[in-house]
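Spelled out, the chains give:
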Amino acid sequence: MPTLTAEDLDALHQSRIDEEESSIMIVEEQSVCSDSTVTPQTPTSAISLKPMLHYDDASDEDEEEEPAKPTKNLFRSRRRGSIAPLPALRLNDKEMMANDFDTQSVLSNQNSITSINSLASLLKEKMQNVPAMIRKKKRETKDYKLRCFVGMLFLIIVFLVGYAYVMYNQKLLAKSYFESVKLHKKTRGLRILDPKGNDLLTGLLGIGMNIDKPYNCLVKDLRDDGSVCYEWNSKARLYMNLEKTTSPEIKCYSFSWETLVDGYYPTDCFDIGEDRGYWYGGGLTKGIDYPLGKASFDFAPFVTGDINIHQWGNAVKRYFLNSKGVAIKVDERTPLYVSFNHGNKNRFCLQGRHDNFAFVNRLSKYPELKYQICTGPDMKSVHNNLTQKSLWDGLTENDNTIIKSLLREPVWQIPASSQAELTETTIYNYTENVIASGYLRLGHVLINEYWQKNIGDFQLDPERFPTLADTVKILHRRGFRISLSVQPFISTESSNFLEAVSERLLIHERESERSIPALTRYKSLASAGVLDITNNETVPWLRNQLAKLSETIGIDSFYVDFGNAFNIPRYYQCSTTLKNPDQYKTFFMERFEANLNIFGVSSAISVPRPPAFLSLPPVNSSWSGLQTIIPTVLSYGVIGYPFIMPGPVGGDFLLPTEKLPKMYSFYPLEFPPLPEQELYIRWLQIATFLPVLRFTHLPSEYRNDSVTEIAKELAAIRQKTIVPMLEQYSSVAMDEGLPIIRPLWMMDATDVNCLFIDDEFSIGDGMIVAPILYRSDTSREVYLPQGVWKDGIDGSLRKGNRWIHNYHVPQNKVAYFVKMPDNTRF
């Protein structure tokens, strides 16, 4: 064999390369010059295949075959020509085997030398790894997605299992009681549901108790009535039960907290946002808030007071009503504190708390909180079922006569701001002016406490009333009834004070001998004792004093001025322990109503037995005072006082516009001078439609023909239209306990517009009154509930369930509308 030098090898190698390049260039030229795209044909026989250079694992020798016709190499570049076939390759997601791939390959290098074979072998090794790497990448991509999917699925399963666990525990904790009560035992969240499962009332119980889960009460602590009982770690105990009701559509649930440690005040709060309905009841607040949900104040004792100073007015009742058909009644033994919208907005809270005055008499070792929650189909149904029923029990013919006389005839309150202003002559002249008016009916002459020399004498002042008995006889013949204002207070300057002290008839100082009286202030009195009505010896003593007065002078009835809870001595102690200072009024009425003709009381916590009317609190002689009358009447009607007596036309007193002096209510308040004419007329228009028409200033004092004509027209309307309607609904009040003067929602509790109106009122279901309440106004907005209404001004018929905008009301008219039968047609 000839020997080849290195130069010969290089020349041979270069010629081989040139030959190969020349072959490829021809194929590429043919492809480029073609007019159309040529689809390569895959050879199907061994003859058509170009011989290929094969590499076998067993041998490194080359095998040469005759060259075939050059074709376009679609899959390999010039460099790939010396590389062994690929075992497999994916193209456009289609796997092609090595023989298919090589079928379309064209190889021209058949005589490579050993060094080239070595290079080709290295390339072969690298290229053989390519499909494996591609497959591995695909597998890694698939593995990554699978892992993500499995991870997400795992998280979802964990979430669903956790959610199910939480909801299961929530369901266990938020246990249902009596079908409609749900209580979450950990958070103490309360939900009262309607028959459809919607929330009627929501709230939180046990505010301020930082203990989570309660325990079931021990057997010894369970009650015999079947109450559900839970205890919070010896701090408080809660009892819940379903109460019996007179109507199947009304359900009542009782809640009772027993405190087990000192210093904890059981507190339950309820949501009162507008989406939770409107709240009413309780009584008149300091801000004259109607509906009650508008109020905002911190916890205050739930007792009567002066609304200019204290949180609540002269009449309260532990009864709160919601427009969704829910009512709350608090037990009388609870030392009750109440708050509205304080701190945390939209909350109404009840709290049991002992203190040093209002609830100083502890009826239990620790404060308790007991109340009922009652639900029904609507507010009107609930209210009608919870109001005190028949008031006829024990009513005499004389009592019924007094009721009718108060509805038909005015109360003439003799104006006197001091003893010097009240004389026998004053009374006689005032009644003469009433008679001289000619159009006003005669009625009750009310004489305030200044008929005595000292409050508590229970005897006429002989200097100012030397012949009052004779004067009273004259007034009786003319048709008047005489009433005296009496009080359970005895001035320390009264001749009866020493006797009352020696006989131990007065409330005494706490933790002292009964011979030491507890003193207080009342109106003009700087120092006075209070008769202990719970003492069995006091009752006959006072009864004899008043009976003697009635017989010698001919007194027809009495008006009892109790003051308010804060007029009771601060460190008081009675023979019988009182639940709170207001219970004094209840004791008094129970012990004297059967023996004395009482036609009015100044304060109350329960409905006084008819014919006693509840007087509204004193009102300032101003436009702002006028605007408080309707909310006050509506508030007292809702809490169950059907017979109310407003103050005199024009107001009870006149206060300066500057800041009120502290505790001014304990000092004498002068009767107001003659109010401005427009204010007096608008006041008289409202009073004409209320149960009792009360005067101090007569219309004739203005010496104005227009005032006289307006007063005459109003008197005619009252006698012809109003009085018959008042008598009709007074009978309803006696039967069902419903008020005579009502809020509009009592006509239609489903009408949202009726729920918040505080400047209109209705007389029963028969009439709506919409008076003018602002200076110089001659028009107003009027809302009429569903039905057909007859306009009291022009006699036209008006369709209800709509607003009347800019309704014109001249100064000599008052807007009122009479309900027509349902079948009335225009």
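Within each chain, residue numbers correspond to sequence positions counted from 1 in written order. Given that this is a predicted model, residues contribute local features only at a pLDDT of at least 70 and side-chain atom pairs are listed and counted only at 80 or more, while totals for whole chains, interfaces and linings are drawn from all residues. Excluding hydrogens and water, the side-chain values take into account all heavy atoms of the structure.

Visitor: Mind showing me how you'd approach the overall build of the chain here?
Guide: Comment: elements are numbered from the N terminus, with helices defined as DSSP H or I runs of at least four residues and strands as E runs of at least two. Helix and strand counts for the chain come out as 14 helices and 39 strands. Working definition: with a 1.4 Å probe on protein chains only, accessible area under 20% of the residue-type maximum means buried, over 50% means exposed, and in between means partly exposed. Counting all 826 residues of the chain, 51% fall into the buried class. Sequence separation of at least 24 residues holds for 68% of the intrachain contacts in the chain that already meet a minimum separation of 6. Carbon and sulfur atoms make up 52% of the accessible area of the chain, which amounts to about 39,800 Å² in all. For this analysis, residues touch if any pair of their heavy atoms sits within 4.5 Å. Here the open area of atoms and residues is found with the Shrake-Rupley method and a 1.4 Å probe, where only the protein chains shown may cover a residue.

Visitor: How do you make sense of the environment of Leu422 when you look at a structure like this?
Guide: As for its position among the elements, Leu422 is in the loop between β19 (411–413) and α6 (424–437). In sequence terms Leu422 and Ile447 are 25 residues apart; their C-alpha atoms lie 8.5 Å from each other.

Visitor: Before we go on, may I ask you to explain the sheet that holds strand β32 (residues 741–742) in this structure?
Guide: The strands making up a sheet associate through hydrogen bonds between their backbones, and the pairing can be parallel or antiparallel. Here the rule is simple: two strands pair whenever DSSP picks up at least two bridges between them. Spatial ordering of the open sheet is given by β32-β33-β34-β39-β36-β37, a layout of 6 strands whose pairing is antiparallel. Since the sheet does not close on itself, it has two edges, and those belong to β32 and β37 (797–799), each with one partner. Bridge analysis of strand β33 (residues 761–763) against strand β34 (residues 767–770) gives 3 bridges, and the strand direction is antiparallel. Looking at the pairing, Ile763 lines up with Met767 of β34. Geometry is summarised by axes, namely lines fitted to C-alpha atoms with helices restricted to the contacting stretch, and by angles between N-to-C directions that run from 0 to 180 degrees. Each of β32, β33, β34 and β39 (815–819) is contacted by helix α14 (residues 705–736), which is oriented at about 80° to β33, the strand it contacts most.

Visitor: Can you help me understand the packing of aromatic side chains in this one?
Guide: The aromatic pairing rule takes the rings of Phe, Tyr and Trp, using the six-membered ring of Trp, and pairs them if the centres are within 6.5 Å, calling planes under 30 degrees apart stacked, those over 60 edge-to-face and the rest tilted. Applying the stated criterion across every chain, the model contains 33 aromatic pairs. With 5.5 Å between their ring centres and 15° between their planes, Phe255 and Tyr371 make a pair best called stacked. Pair noted here: Phe255 is in strand β10 (residues 251–259) and Tyr371 is in strand β18 (residues 368–375), with a separation of 116 residues, a long-range link. Exposure class is identical for Phe255 and Tyr371. Each is buried. Where Phe689 meets Tyr816, the ring centres are 5.4 Å apart and the plane angle is 45°; that geometry is what we call tilted. Of this pair, Phe689 sits in the loop between α13 (677–687) and β31 (694–695) while Tyr816 sits in strand β39, placing them 127 residues apart in sequence. Taken individually, Phe689 and Tyr816 each receive the classification buried, so the pair is uniform in this respect.

Visitor: When you look at the pattern of salt bridges in this model, what are you seeing that I'm missing?
Guide: Opposite charge on two side chains permits them to pair, given that their charged atoms come into close proximity. By definition here, a salt bridge exists when the distance from a side-chain nitrogen of Lys or Arg to a carboxyl oxygen of Asp or Glu is within 4 Å. Scanning all chains against the criterion turns up 22 salt bridges. A salt bridge links Lys294 to Asp758, with the shortest nitrogen-to-oxygen separation between them at 3.8 Å. In this pair, Lys294 sits in the loop between β12 (279–285) and β13 (297–301) while Asp758 sits in the loop between β32 and β33, placing the two residues 464 residues apart along the sequence. Asp758 sits in the partly exposed class, given a relative accessible area of 27%.

Visitor: What is the right way to read the state of the cysteines from this model?
Guide: Joining two cysteines, a disulfide is a covalent bond between their sulfur atoms. Note on terminology: disulfide denotes any pair of cysteine sulfur atoms within 2.5 Å. All told, the structure shown has 3 disulfides when counted by the stated rule. Here Cys252 pairs with Cys374 through a disulfide, and the sulfurs are 2.0 Å apart. The sign of the 110° torsion about the S-S bond sets the Cys252-Cys374 disulfide as right-handed. Here the residue Cys252 occupies a position in strand β10, and Cys374 occupies one in strand β18, the gap between them amounting to 122 residues. Across the pair, exposure class does not vary: Cys252 and Cys374 are buried alike. Here Cys269 pairs with Cys349 through a disulfide, and the sulfurs are 2.0 Å apart. On the sign convention where negative means left-handed, the S-S torsion of about 110° between Cys269 and Cys349 marks this disulfide as right-handed.

Visitor: Sorry, what's going on with a nonpolar patch on the surface here?
Guide: Here, patches come from residues exposed beyond 30% relative accessible area and free of salt bridges, joined within 9 Å for like charges and within 5 Å for nonpolar side chains (Val, Leu, Ile, Met, Phe, Trp, Tyr). A cluster of nonpolar residues, Leu146, Phe149, Val150, Leu153, Ile157 and Val161, forms a patch on the protein surface that exposes about 580 Å² of accessible area. Turning to its location among the elements, Val161 is positioned in helix α3 (residues 114–173). Judged by its relative accessible area of 54%, Val161 falls in the exposed class.

Visitor: Quick question: what am I supposed to make of the side chain of Asn454 here?
Guide: For Asn454, the position within the fold is in the loop between β20 (444–447) and α7 (468–478). Asn454 sits in the buried class, given a relative accessible area of 18%. Setting aside its immediate chain neighbours within four residues, Asn454 contacts Gln419, Ser491, Glu493 and Ser494.

Visitor: It is not clear to me how helix α9 (residues 538–554) should be interpreted in this structure. Could you clarify?
Guide: A turn of α-helix holds 3.6 residues, and therefore any two residues three or four places apart point the same way. Multiplying one less than the number of residues by 1.5 Å gives the expected span of a helix. Here α9 spans 24 Å end to end across 17 residues, near enough to the 24 Å set by a 1.5 Å rise per residue. Residues of α9 that are buried: Thr538, Val539, Trp541, Leu542, Gln545, Leu546, Leu549, Ser550 and Ile553. Summarising the contacts, the buried residues of α9 are in contact with α7, β21 (481–486), β22 (489–491), α8 (495–502), β26 (557–560) and α10 (583–592).

Visitor: Quick question: what am I supposed to make of empty space enclosed by the protein here?
Guide: Remark: the empty space left among the atoms is shown by a probe the size of a water molecule rolled over them. Cavities and pockets were defined on a 1 Å grid built from protein atoms only: a cavity is a group of points that admits a 1.4 Å probe but offers it no way out, a pocket is an open group of points flanked by protein on both sides within 12 Å along at least five of seven lines, and a lining residue is one with an atom within 4 Å of any such point. Grid points are joined across faces, edges and corners, and a volume is the space filled by probe spheres set on the points. Applying the stated criterion across every chain, the model contains 13 cavities of 30 Å³ or more. Of the volumes computed, that of the second largest cavity is approximately 120 Å³.

Visitor: I tried to follow the packing of α6 against α7 on my own but got confused; where do I start?
Guide: Helix-helix packing is characterised by the crossing angle of the two axes and by the distance between the axes. Orientation of α6 relative to α7, taken along the N-to-C sense of each, is 10°, at an axis distance of 10 Å. Between α6 and α7, the crossing angle belongs to the class labelled roughly parallel. Taking contact as the criterion, the partners of Glu424, Ile427, Tyr428, Thr431, Glu432 and Ile435 in α6 are, on α7, Leu468, Thr471, Ile474, Leu475 and Arg478. Three residue categories are used. Nonpolar comprises Ala, Val, Leu, Ile, Met, Phe, Trp, Tyr, Cys and Pro, charged comprises Asp, Glu, Lys and Arg, and polar comprises the others, including Gly. Looking at the contact of α6 with α7 residue by residue, the classes come out as 6 nonpolar, 2 polar and 3 charged. Our angle categories are set so that under 35 degrees counts as roughly parallel, over 145 as roughly antiparallel, 65 to 115 as roughly perpendicular, and the remainder as oblique.

Visitor: Any chance you could explain the packing of α13 against α14 here in plain terms?
Guide: The geometry of α13 relative to α14 is characterised by a closest axis approach of 10 Å and an angle of 5° between their N-to-C directions. Of the possible angle classes, the one that applies to α13 and α14 is roughly parallel. Between α13, through Gln677, Ile681, Leu684, Gln685 and Ala687, and α14, the contact on the second element is made entirely by Ser706, Val707, Ile710, Ala711, Leu714 and Arg718. Its residues assigned to classes, the contact of α13 with α14 shows 7 nonpolar, 3 polar and 1 charged.

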